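Each chain, written out:
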Amino acid sequence: MQYQTESWGSYKMNSLAFGGLGMVADTGLLRIESLAAESAVVIFSVSTCCMCHAVKGLFRGMGVSPAVHELDLHPYGGDIQRALIRLLGCSGSSSPGSLPVVFIGGKLVGAMDRVMASHINGSLVPLLKDAGALWL
């Protein structure tokens, strides 16, 4: 099974097209867009989450230095997390699999399940190379 990453613009437009997101979600989406563009690999995480710790370890073990945003320590972490949940299509703030969320080259890869599937099927390394995060 291959997962395709899509450009940020398509996710942003689809998310904003849905009614009821409100100004908080719009602000959260704008923050996500800005933060996702700051580094080749960006991880939105919670400092006490074991799955977040595992995905950070995966990238660091591959020699990648991701930009990590710990949402429980970030001043706008709640807004960003709610926007990420909507972006992923999860049903609630405590949805399993909603964090960590990974962007590579400014493109949404997804939560832990998508990252691990990409790693297992061999598509993660090419994504990292294309984004300039890995020089193998």
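Thresholds, definitions, all that
Starting from 1, residues in each chain are numbered consecutively following that chain's sequence as written. Per-residue local features of the predicted model are confined to residues with pLDDT of at least 70, and side-chain atom pairs are confined, for both listing and counting, to 80 or more; whole-chain, interface and lining totals are unaffected and use all residues. Heavy atoms throughout the structure, all of them, feed into the side-chain values; hydrogens and water do not. UniProt positions are given in the numbering used here, feature names are shortened, and annotations may be inferred rather than shown by experiment. A run of H or I in DSSP becomes a helix once it reaches four residues, and a run of E becomes a strand once it reaches two; helices and strands are each numbered from the N terminus. Here a helix's expected span is defined as the number of its residues, less one, multiplied by 1.5 Å. Classification of residues uses two cut-offs on accessible area relative to the type maximum, computed with a 1.4 Å probe and protein chains only: under 20% is buried, over 50% is exposed, and between them is partly exposed. Working definition: the arc comes from the directions between the helix axis and the C-beta atoms, pointing outward to the latter. Here, residues are in contact when the closest pair of their heavy atoms is within 4.5 Å.

Within an unreviewed UniProt entry, the label attached to the chain reads Glutaredoxin domain-containing protein, and the organism entered is Arabidopsis arenosa. Reading the Subcellular location (unreviewed entry) entry of the UniProt record for the chain gives the comment "Cytoplasm".

As for helix H3 (residues 50-61)
With 12 residues, H3 ought to run about 16 Å at 1.5 Å a step, and its terminal C-alpha atoms sit 16 Å apart, in line with that. Looking only at H3, the buried set comprises Cys52, Val55, Lys56, Leu58 and Phe59. Summarising the axial view, the buried residues of H3 lie within an arc of 155 degrees, below the 170-degree limit, and thus occupy one face. Exposed side of H3, more than 90 degrees from the buried face: Cys50, His53 and Gly61 are the residues found there. Turning to H3, the residues buried within the fold contact strand S1 (41-45), strand S2 (67-70), strand S3 (101-104), helix H5 (112-121) and helix H6 (124-131). Phi turns positive, to about 90 degrees, at Gly63, one or two residues after H3.

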